[in-house]
Amino acid sequence: MLRQLFLNGDLQVNGDASFKRELWKYHNDSKKYKIGYGPGDVREEGGNGYVSENQWIFIQ
């Protein structure tokens, strides 16, 4: 239970709240492959990749 007083105690705010932390990790490990559409087109896709997300959420 949260309790906060304002204006020398004339105003009081009560409430319940919680915080939630989320951590997401994505890892991609695949073999590279060519996606070119002609002899001069040498584009590649795939390979290693890593993404991490960290966030805090306030829940009432």
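None of these values were measured; they are calculated from a predicted model.

How each quantity is defined
Residues numbered from 1 in each chain as written. Predicted model: local features only at pLDDT ≥ 70, side-chain atom pairs only at ≥ 80, totals over all residues. Heavy atoms only, no water. Helix = DSSP H or I, 4+ residues; strand = E, 2+ residues; numbered from the N terminus. Rg over C-alpha atoms; globule rule 2.2 N^0.38 Å. Contact = heavy atoms within 4.5 Å. Lys, Arg positive; Asp, Glu negative; His and termini not counted. Charge placed at Lys NZ, Arg CZ, Asp CG, Glu CD. Salt bridge = Lys/Arg side-chain N within 4 Å of Asp/Glu carboxyl O. Buried < 20%, exposed > 50% of the residue type's maximum accessible area, 1.4 Å probe, protein only. Polar contact = N/O pair within 3.5 Å; in protein donor to acceptor, adjacent residues only side chain to side chain.

A. Focus on the overall build of the chain. Counting its secondary structure elements, the chain contains zero helices and six strands. Its helices and strands taken in sequence order, the chain reads β-β-β-β-β-β from the N to the C terminus. On C-alpha atoms alone, the chain measures out to a radius of gyration of 26 Å, which is more than a quarter above the 10 Å that the 2.2 N^0.38 rule sets for 60 residues. Taking the principal axes of its C-alpha atoms as reference, the chain extends roughly 80 × 20 × 15 Å. For the chain, the proportion of contacts with a sequence separation of at least 24, taken over those separated by at least 6, is 42%. Distance between charge centroids for the chain: 6 Å, based on 8 positive and 8 negative side chains.

B. Geometry of the pattern of salt bridges. Scanning the model with the defined rule gives three salt bridges in all. Notably, a salt bridge pairs Lys34 with Glu44, separated by 3.3 Å at the nearest N-O pair. One end of the pair, Lys34, is in strand β4 (residues 33-34); the other, Glu44, is in strand β5 (residues 44-45), with 10 residues separating them in the sequence. You can call Glu44 partly exposed: its relative accessible area is 43%. Of the charged contacts, one joins Asp41 and Arg43 as a salt bridge, the two residues approaching to 2.9 Å between their closest N and O atoms. For Arg43, a relative accessible area of 42% corresponds to the partly exposed category.

C. Representation of the side chain of Glu22. Locating Glu22 in the fold gives a position in strand β3 (residues 18-29). Classification of Glu22 by relative accessible area gives buried; the value is 17%. Of note is the side chain of Glu22, whose polar atom sits 3.1 Å from the side chain of Trp24. If we skip the residues at most four places from it in the chain, Glu22 touches Glu53, Asn54, Gln55 and Ile57.

D. Quick peek at unusual backbone geometry. Positive phi, normally seen in glycine, also occurs at Leu7, with a value near 55 degrees. Within the secondary structure, Leu7 sits in the loop between β1 (2-6) and β2 (11-15). Judged by its relative accessible area of 62%, Leu7 is exposed.

Read these as geometric descriptors, not functional statements.
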